[in-house]
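Spelled out, the chains give:
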Amino acid sequence: MQTRLWIAAAAATSVMTLAGCASGPNQNLGTGIGAVGGAVVGNAIGGNTGATLGGAAIGGVIGNQVGRSVDERNRYNNENYYPRDRYYPNNGPRY
């Protein structure tokens, strides 16, 4: 029974990780870590496969959104710090 539980947790983690592949790096990492953490917590609370899968799904969604927020914040900060329409002396020719 324990082996089936870990196989289910690994499958849920893989699905959640692959579902986030079309996103930023922090969103992918957050999805994977959230799914694994959620599976562990779900197993500790419920002690069965359903609780593990539910925990992995909920943890994956929460981790995905946290990572997405970090990616958006990084993108916003970089665009404001290095605007593309402004001239910086190091970007031009050196005389």
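Reading guide: rules and limits
Residues numbered from 1 in each chain as written. Predicted model: local features only at pLDDT ≥ 70, side-chain atom pairs only at ≥ 80, totals over all residues. Heavy atoms only, no water. Helix = DSSP H or I, 4+ residues; strand = E, 2+ residues; numbered from the N terminus. Polar contact = N/O pair within 3.5 Å; in protein donor to acceptor, adjacent residues only side chain to side chain. Contact = heavy atoms within 4.5 Å. Patch = residues over 30% accessible without salt bridge, like charges linked within 9 Å, V, L, I, M, F, W, Y side chains within 5 Å. Areas by Shrake-Rupley, 256 points an atom, 1.4 Å probe, with all protein chains shown as cover. Salt bridge = Lys/Arg side-chain N within 4 Å of Asp/Glu carboxyl O. Buried < 20%, exposed > 50% of the residue type's maximum accessible area, 1.4 Å probe, protein only. Expected span 1.5 Å × (residues − 1). pLDDT = per-residue confidence, 0-100.

## Describing the side chain of T52
In step 1: Locating T52 in the fold gives a position in helix α3 (residues 49-81).
In step 2: For T52, the side chain forms a polar contact with the main-chain oxygen of N48, separated by 3.0 Å.
In step 3: The residues contacting T52, other than those within four sequence positions of it, are L5, A9, A39, G42 and N43.

## What about a nonpolar patch on the surface?
In step 1: Side chains of W6, V36 and V40 sit close together on the surface and give an oily, nonpolar patch of about 300 Å² of accessible area.
In step 2: If you trace the backbone, V36 turns up in helix α2 (residues 25-46).
In step 3: Residue class for V36 comes out partly exposed when judged on its relative accessible area of 43%.

## Concerning the environment of A57
In step 1: Among the structural elements, A57 can be located in helix α3.
In step 2: Taking relative accessible area as the criterion, A57 reaches 35% and is therefore assigned partly exposed.
In step 3: The sequence separation of A57 and G42 amounts to 15 residues, and the corresponding C-alpha distance is 9.7 Å.

## Details of α2
Side chains of residues three or four places apart in an α-helix project in the same direction, reflecting 3.6 residues per turn.
In step 1: Between its first and last C-alpha atoms α2 spans 31 Å; for 22 residues at 1.5 Å apiece the expected length is 32 Å, and the two agree.
In step 2: Listed in full, the buried residues belonging to α2 are Q27, G30, T31, G32, G34, A35, G38, A39 and G42.
In step 3: Looking one or two residues beyond α2, the residue adopting positive phi is G47, at roughly 75°.

## Notes on the pattern of salt bridges
In step 1: Throughout the structure, instances matching the rule amount to one salt bridge.
In step 2: Between E72 and R68 there is a salt bridge whose closest N-O contact spans 3.2 Å. Taken together, the positions of E72 and R68, both in helix α3 and four residues apart, correspond to about one turn of that helix.

## So, the confidence of the model for the chain
In step 1: In this model, the chain carries an average pLDDT of 79, and 72% of its residues clear a pLDDT of 70 or more.
In step 2: Helix α1 (residues 2-19) is the least confidently modelled element of the chain, averaging 71 in pLDDT, while α2 averages 92, the highest of any element.

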